[in-house]
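Architecture and fold: a report
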Amino acid sequence: MLKSKLTFYFLYLLHYLPTYGQVESVGNQTFTFIKDSSAISLPIFCNMNLNHTNDELENAIIVIHGMTRNAYDYFESVNSINSELGLDNRSIIIAPQFLINIDMGPWNLDSTIAFWSGTSSWLSGNLSNSTEQAPRNFEVSSFTIIDSLIHYLVSNFVNIERVTLVGNSAGGQLVNRYAAGSGMDYNHLVDYVVAAPSSFVYLDENRYDSPFPFSWNTPSVCPSYNDYKYGLDYKNLQKKWFF
């Protein structure tokens, strides 16, 4: 039932026309972890205190926003479905917020908050940014943050039975690429839901060149077609994909 309602919700979001200005709200909590002796934080919206244990918790849903970074809208919609199903005390809903340069000015965020350049580098697992106006003493991949968040959940909520990582649009791209390379399934505890991404990562060099019947071939034009984020070729792949 929950997955059916989530499907209708993401179909609704397909009709939303994005704009890429500053975010209208920033997460009401932060997820913080330590990497190379640096504290790194990411804003999140959550239906319970992430730092309090809950022995009743059975499910975790991590929902990733689209390009506009409107994490609260995603959180509110998924959380309302969760409440309708009477799962408030059994499911934790987390909406991480991957901020970018233009979000740094108006919110007076501290120097542990990670942010990214451009509008889309976070969805490919790229490293966070540091600027003269918002200096940071760390760089971290968005994928590393997802790794850390899932590890925190399964380590601290001992009765959890399922972690679902779901993303729509740009968030769907992040989930697709994260799932393609992550080995963190915790004995099949983690599910992935990819909704309406504008592109996927391909796992080999073949592409289909006709809609029906499908024909898969190695393209003879466009020499960079298989570069990451669309394929797995890249001369600096280790700088692009951080597992």
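All residue numbers here refer to positions counted from 1 along the written sequence of the relevant chain. Residue-level local features of this predicted model are given only where pLDDT is at least 70; pairs of side-chain atoms are given and counted only at 80 or more, and the full residue set underlies all totals for whole chains, interfaces and linings. Hydrogens are left out, water is left out, and the side-chain values use all remaining heavy atoms of the structure.

**Regarding the overall build of the protein chain**
In DSSP terms, a helix is any run of H or I states spanning at least four residues, a strand is any run of E spanning at least two, and both are numbered starting from the N terminus. Scanning the protein chain for helices and strands turns up five helices and 10 strands. Within the protein chain, buried positions represent 48% of all 243 residues. A separation threshold of at least 6 residues defines the contact pool for the protein chain, and within that pool the share at least 24 residues apart is 68%. For every accessible area listed, the method is Shrake-Rupley and the probe measures 1.4 Å; residues are considered covered only by the protein chains on display. When the accessible surface of the protein chain is split by element, carbon and sulfur atoms take 51% of a total near 12500 Å². Accessibility here uses a 1.4 Å probe with only protein chains present; expressed as a share of the type maximum, an area under 20% marks a residue as buried, one over 50% as exposed, and anything in between as partly exposed. The contact definition used throughout considers only heavy atoms, calling two residues in contact when any of these lie within 4.5 Å.

**Describing the pairing of strand 8 (residues 190-195)**
Consecutive side chains along a regular strand alternate between the two faces of the sheet. Two strands qualify as a pair provided DSSP detects at least 2 bridges between them. As judged from the six bridges shared by strand 7 (residues 162-168) and strand 8, these two strands associate in the parallel manner. The residue bridging Asn168 from the neighbouring strand is Ala195, located in strand 8. Whether a crossover is right-handed depends on one test, that the path from the first strand over the helix to the second runs clockwise when the strands point away from the viewer. In this fold, the crossover linking strand 7 to strand 8 by way of helix 4 (residues 170-181) has right-handed handedness.

**Observations concerning the sheet that holds strand 3 (residues 59-64)**
Sheet strands pair via backbone hydrogen bonds, and the direction of the pair is either parallel or antiparallel. In space, the six strands of this open sheet follow the order 1-2-4-3-7-8, with mixed pairing throughout. Strands at the two margins of the open sheet, each flanked by one partner only, are strand 1 (29-35) and strand 8. Going from strand to strand, the sheet's axes swing by 30 degrees on average, the running direction of each strand aside. Bridge count between strand 3 and strand 4 (residues 91-96): four bridges; the pairing is parallel. Within strand 4, the position partnered with Ala60 by the bridge is Ile92. The strands touched by helix 3 (residues 142-156) are strand 1, strand 2 (38-46), strand 3, strand 4, strand 7 and strand 8; relative to strand 1, the strand with the most contacts, the crossing angle is about 100 degrees. Every angle, taken between N-to-C directions, lies between 0 and 180 degrees, and every axis is a line fitted to C-alpha atoms, over only the stretch in contact when it is a helix. Each of strand 3, strand 7 and strand 8 touches helix 4; the most contacted strand, strand 7, lies at about 130 degrees to it.

**Things to note about the environment of Ile93**
Secondary-structure assignment places Ile93 in strand 4. Those residues within four positions of Ile93 in sequence are excluded, and the remaining contacts are Phe45, Cys46, Asn47, Ile61, Phe75, Val78, Asn79 and Asn82.

**A closer look at the packing of aromatic side chains**
Centres within 6.5 Å make a pair out of two Phe, Tyr or Trp rings, where for Trp the six-membered ring is used; the pair is then stacked when the planes are under 30 degrees apart, edge-to-face when over 60, and tilted otherwise. Per the counting criterion, the structure on display carries 12 aromatic pairs. Centroid distance Tyr72 to Phe75: 6.3 Å. Interplanar angle 45 degrees. Geometry classified as tilted. Of this pair, Tyr72 and Phe75 both sit in helix 2 (residues 71-84), three residues apart, roughly one helical turn. Tyr72 gets classed as partly exposed once you look at its relative accessible area, which sits at 36%. The buried category is assigned to Phe75, whose relative accessible area is 7%. Look at Phe143 and Tyr178: their rings are 5.8 Å apart centre to centre, the planes differ by 65 degrees, and that puts the pair in the edge-to-face class. Linking Phe143 in helix 3 with Tyr178 in helix 4, this pair joins segments that are 35 residues apart in sequence. Of the two residues examined, Phe143 and Tyr178, each falls in the buried class. Site record: aromatic cluster; members linked through ring pairs are Phe31, Phe33, Tyr152 and Phe157.

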